[in-house]
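Per-entry structural report
The primary structure of each chain is shown beneath.
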Amino acid sequence: MLLGLLAVAIPPIIHLIHRRRAQVVRFPALEFILRANKKTSRTFKLRQLLLLLMRSLLLLALAFAVARPFIDRGATTTAALGGMQGVTVFVVDATWPMAYGIEGETRLYDQARFTVETLLARLSGPAALVIAHDRVEVPVGEPTRDHEAIRRALDEASPGHRTGSLAEAVARAYDIVGDAPEGMARRVVVLTTPAGAAGPLPPPPGGAGAVELVPVDVAEGAPLPNRAVLSVRLRPAPALGAGQWRVDARVANFSDAPVARLPVHLEVAGKVVVRGFLDLAPGAEATKTFYAHLEDRAEPAKAAVVIEGDALPGDDRRDFWLQPAPRVRVLAVDGDPHPTPQQDELFYFERAVAPRTAADARVQLTIADADTFDRYAPDAFDVVLLANVPTVSPAQARALEAFVRGGGGLWITMGDKVQRGALNTALAALLPRSLRTVRQAGDAAATAEGGDRRSARLGLFERAHPILRPFGDPAAGSLARARVQRYMLLDPSPDAGGEVVLGLDEGAPFLLTRSVGKGRVALWTGSLDRDWGDLCIRPDFVPLVQQILRYLTRVAEVETTPVLVGRAAPMPVEDPRVRRVQVTTPEGTLHTVDRPREPEVPWVFSGTSAPGHYGVVPDPPLPGLAALPGFAVALDTGASDLRGPAVAAQAAAPGADVRAALAGGRRTELWHAALLGLFGFLLAEAVLLFRRRRDRVSAFDAADLAG
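1. Some thoughts on the overall build of the chain
Scanning the chain from terminus to terminus reveals 13 helices and 34 strands. Burial statistics for the chain: of 707 residues in total, 45% are counted as buried. Within the chain, contacts between residues at least 6 apart in sequence are counted, and of these 72% link residues at least 24 apart.

2. With respect to helix H6 (residues 166-178)
Side chains of residues three or four places apart in an α-helix project in the same direction, reflecting 3.6 residues per turn. Between its first and last C-alpha atoms H6 spans 18 Å; for 13 residues at 1.5 Å apiece the expected length is 18 Å, and the two agree. If you check which residues of H6 are buried, you get Leu166, Ala169, Val170, Ala173, Tyr174, Ile176 and Val177. The arc enclosing the buried residues of H6, seen along the axis, measures out at 165 degrees, which places them on a common side. Exposed positions of H6 whose direction lies more than 90 degrees from the buried face are Glu168 and Asp175. As for H6, its buried residues are in contact with strand E2 (87-93), strand E5 (127-132), strand E6 (136-144), strand E7 (186-192), helix H7 (194-197) and strand E8 (212-217).

3. What to know about the side chain of Ser165
In this structure, Ser165 sits in the loop between helix H5 (147-156) and H6. The exposure class of Ser165 is buried, given its relative accessible area of 5%. For Ser165, the side chain forms a polar contact with the main-chain oxygen of His133, separated by 2.6 Å. When near neighbours in sequence (up to four residues on either side) are disregarded, Ser165 contacts Thr95, Ala132, His133 and Val136.

4. A word on the pairing of strand E13 (residues 285-293)
Side-chain alternation along E13 places Ala286, Lys288, Phe290 and Ala292 on a buried face and Glu285, Thr287, Thr289, Tyr291 and His293 on a face that remains uncovered. Taken together, the 9 bridges between strand E10 (residues 244-254) and E13 define a ladder with antiparallel strand orientation. Of the residues in E13, the one forming a bridge with Trp245 is Ala292.

5. A look at the sheet that holds E8
The strand order E6-E5-E2-E7-E8 describes an open sheet built from 5 strands, whose pairing is mixed. On the outer flanks of this sheet lie E6 and E8, each paired with one strand and no other. Put simply, the sheet's adjacent strands are angled 15 degrees from each other on average, direction ignored. As paired strands, E2 and E5 are joined by 6 bridges and run parallel to one another. For Asp93, the partnering residue across the bridge sits in E5 and is Ala132. Contacting E2, E5 and E6, H5 runs over the sheet at an angle of about 15 degrees to E5.

6. Regarding the side chain of Asp529
For Asp529, the position within the fold is in the loop between strand E26 (519-524) and helix H11 (541-552). No salt bridge is formed by the buried Asp529; the nearest opposite charge belongs to Arg486, separated by 8.1 Å. Engagement of the side chain of Asp529 in a polar contact is seen with the side chain of Ser527, the distance being 3.0 Å. Polar contacts involving the side chain of Asp529 include one to the main-chain amide nitrogen of Asp531, which spans 3.2 Å. Setting aside chain neighbours within four positions, we find Asp529 in contact with Gln343, Asp344, Glu345, Tyr348 and Cys536.

7. Describing the nonpolar core
Counting residues in each nonpolar core, the largest one holds 50 residues, and the members touching the most others are Phe90, Leu129, Leu191, Val581, Val583 and Phe631. With 6 residues, the top contributor of residues to this core is helix H4 (residues 108-122). If sequence neighbours within four positions are ignored, Phe90 has contacts with Val116, Leu119, Leu120, Leu123, Ala127, Ala128, Leu129, Val130, Val189 and Leu191. Membership of the second largest hydrophobic core comes to 44 residues, among which are Val328, Phe510, Phe541 and Tyr551.

8. With respect to a nonpolar patch on the surface
Taken together, Leu46, Leu50 and Leu53 make up a surface patch of nonpolar side chains, about 250 Å² in accessible area. Looking at the element boundaries, Leu53 is found in helix H2 (residues 31-66).

9. Regarding the packing of H4 against H5
The packing of two helices is summarised by the inter-axis angle and the distance between the axes. Where H4 contacts H5, the two axes come as close as 11 Å, and the packing angle between them is 175 degrees. By the angle class used here, H4 and H5 are roughly antiparallel. Residue-level contacts link Tyr109, Arg113, Val116, Glu117 and Leu120 of H4 to His147, Ile150, Arg151, Leu154 and Asp155 of H5. Residue composition of the contact of H4 with H5, by class: 5 nonpolar, 1 polar and 4 charged.

10. Digging into unusual backbone geometry
Residues Asp619 and Pro620 are joined by a peptide bond in cis, for which omega reads 0 degrees. Residue position: Pro620 is located in the loop between strand E32 (612-618) and strand E33 (631-634). With phi around 55 degrees, Glu220 is a residue other than glycine that occupies positive phi space. With respect to the helices and strands, Glu220 occurs in the loop between E8 and strand E9 (226-236). We note that Arg261 has phi near 55 degrees; this positive angle belongs to a residue other than glycine. Mapping Arg261 onto the fold places it in strand E11 (residues 259-268).

Quick notes on the rules
- Residues numbered from 1 in each chain as written.
- Predicted model: local features only at pLDDT ≥ 70, side-chain atom pairs only at ≥ 80, totals over all residues.
- Heavy atoms only, no water.
- Helix = DSSP H or I, 4+ residues; strand = E, 2+ residues; numbered from the N terminus.
- Buried < 20%, exposed > 50% of the residue type's maximum accessible area, 1.4 Å probe, protein only.
- Contact = heavy atoms within 4.5 Å.
- Expected span 1.5 Å × (residues − 1).
- Arc of directions from axis to C-beta.
- Polar contact = N/O pair within 3.5 Å; in protein donor to acceptor, adjacent residues only side chain to side chain.
- Pairing = 2+ DSSP bridges.
- Axes fitted to C-alpha atoms, helices over the stretch in contact; angles between N-to-C directions.
- Lys, Arg positive; Asp, Glu negative; His and termini not counted.
- Salt bridge = Lys/Arg side-chain N within 4 Å of Asp/Glu carboxyl O.
- Core = buried A, V, L, I, M, F, W, Y, C linked by side-chain atoms within 4.5 Å.
- Patch = residues over 30% accessible without salt bridge, like charges linked within 9 Å, V, L, I, M, F, W, Y side chains within 5 Å.
- Areas by Shrake-Rupley, 256 points an atom, 1.4 Å probe, with all protein chains shown as cover.
- Parallel < 35°, antiparallel > 145°, perpendicular 65-115°, else oblique.
- Nonpolar A, V, L, I, M, F, W, Y, C, P; charged D, E, K, R; others polar.

Shown next as structure tokens:
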């Protein structure tokens, strides 16, 4: 790059090329002007020379800065040490934390490369190189005096996307240096982050020819503050309304200084949906919660939580996929149809699952009555709802049992039409508990004017149950304010089955669930309409219905946990028709992955070499198949904390000669001063051009006066 200094000759060459010899023609009328300008001509020529000099120096400073020169002050130290003797194996950390920027575009990896060059200049013995990249790489495995090979290998490498290979690289270096002849000094120099230098590295092998392990902090003790998004959790928030979601992002501050109002935002499909700020104490973690309205999507969308960028951008965002709402096919059997809509058994249920109301499920509702129930096969649906149905025939009962055991969901609600004995007999294998009798809530002596004495309230909430998990504190919501006038008492035997999700303050269960085979059953001891209570008009009725449907269909929470780089990602494909998929990496590369022939072999994708969004589509496309959900790959944020105690530089410590060479080999970068001089020369040129233009205007004004 220093050949660029030859550009200093460009302005004089241009000046000589364009220089013209003037032909002297004496003209008496101009004698006065020539005499007037004779006094100022010397000054004018001087300014032209200064302008030529400024332009030459400007090009000189530009070439000097691009060459990035430095002053190496280690010559005297090298002479005093007589060179570093013995065999040296350099282990250079090239994991993703080494991309930390410490000085403009200079990364920790670049600093490690500079340090190796400094030590190579002082090394009088052979050297080898091991790079802890995504995998352990040994570009120079045999100790050699051709140090240029080591420099070339370091120039070609760059930080990867994984961690955890440093210990293996050090062990590999021990194998290389162990083959050195006896009697020679042996050392392994590890260049890494402060945390890596102070971390648990494999100890050197013992014996007569002990190996010196010299960890070197390439940051030279400088603090390396960093902030990172550790995890993201996405879940529906139906209590806030239709289409509302809650996003919890866990952010850490890996520094010794507090962070005030750190910008954080949620983006979907490349657009910022909501912004916020976060305060972080030194070395602490905090959770930022977003509440966002996300439109119902038929296709998966790329999403991420992003914080303000810092010196290590790799962990400043957490990618995940926003999956489309699952489609739930529901067959609702209306046991008490009514021509007046408000008095129909399913009036409130229909509105709770309407598309504009359902936040996290797209319900495809089919309604039948008790007389037409036989026309439908339960296997064609995901959930069957028996709403105040008197009873079912033996054939229907067998079909429902096979449906549930095969993975379907059954929801049974009570009402005046229910025939307890007949339903107990028909659905004995499915009911969580046997139906006993209808009970009037409240005091037995209460009159019609008794008001709340004739009703019960929901007072028991199993908050750990998946149905109630999104509600936060259901006891503080509208569920606890609902009034129940009548309900179905259940078998109180000690061996009664079922898990109670909701219970009345009178001690009776109101909502129970039970697993049967691969499927689930929910028993609602009240009615879905207003005949037995007013729960159906409470705001929390809508999200409660949706959560019950999600639970019965085993629709899991939206998965936002990414796969770590380098780990196998399970294929998110449930449709048995899909035999092959195409996976698109963040770089745009396409990979074809076939389903394993053996059912017990997991279907995975192993090419997760970079963080980001990975798209998955069936190959070939199948009719009627919704877009397959993709998966996200993230960096291992366990390495985001780069801090570590400084490595002591003691003369008697192992590797003292290495540390002395580094102490005497500090670089003084000169390109910063060259850039500063460049701006100074530009300013001087502008001043000279301005003054020359002003002098020309003055000369023309004098000529006008003479005329």
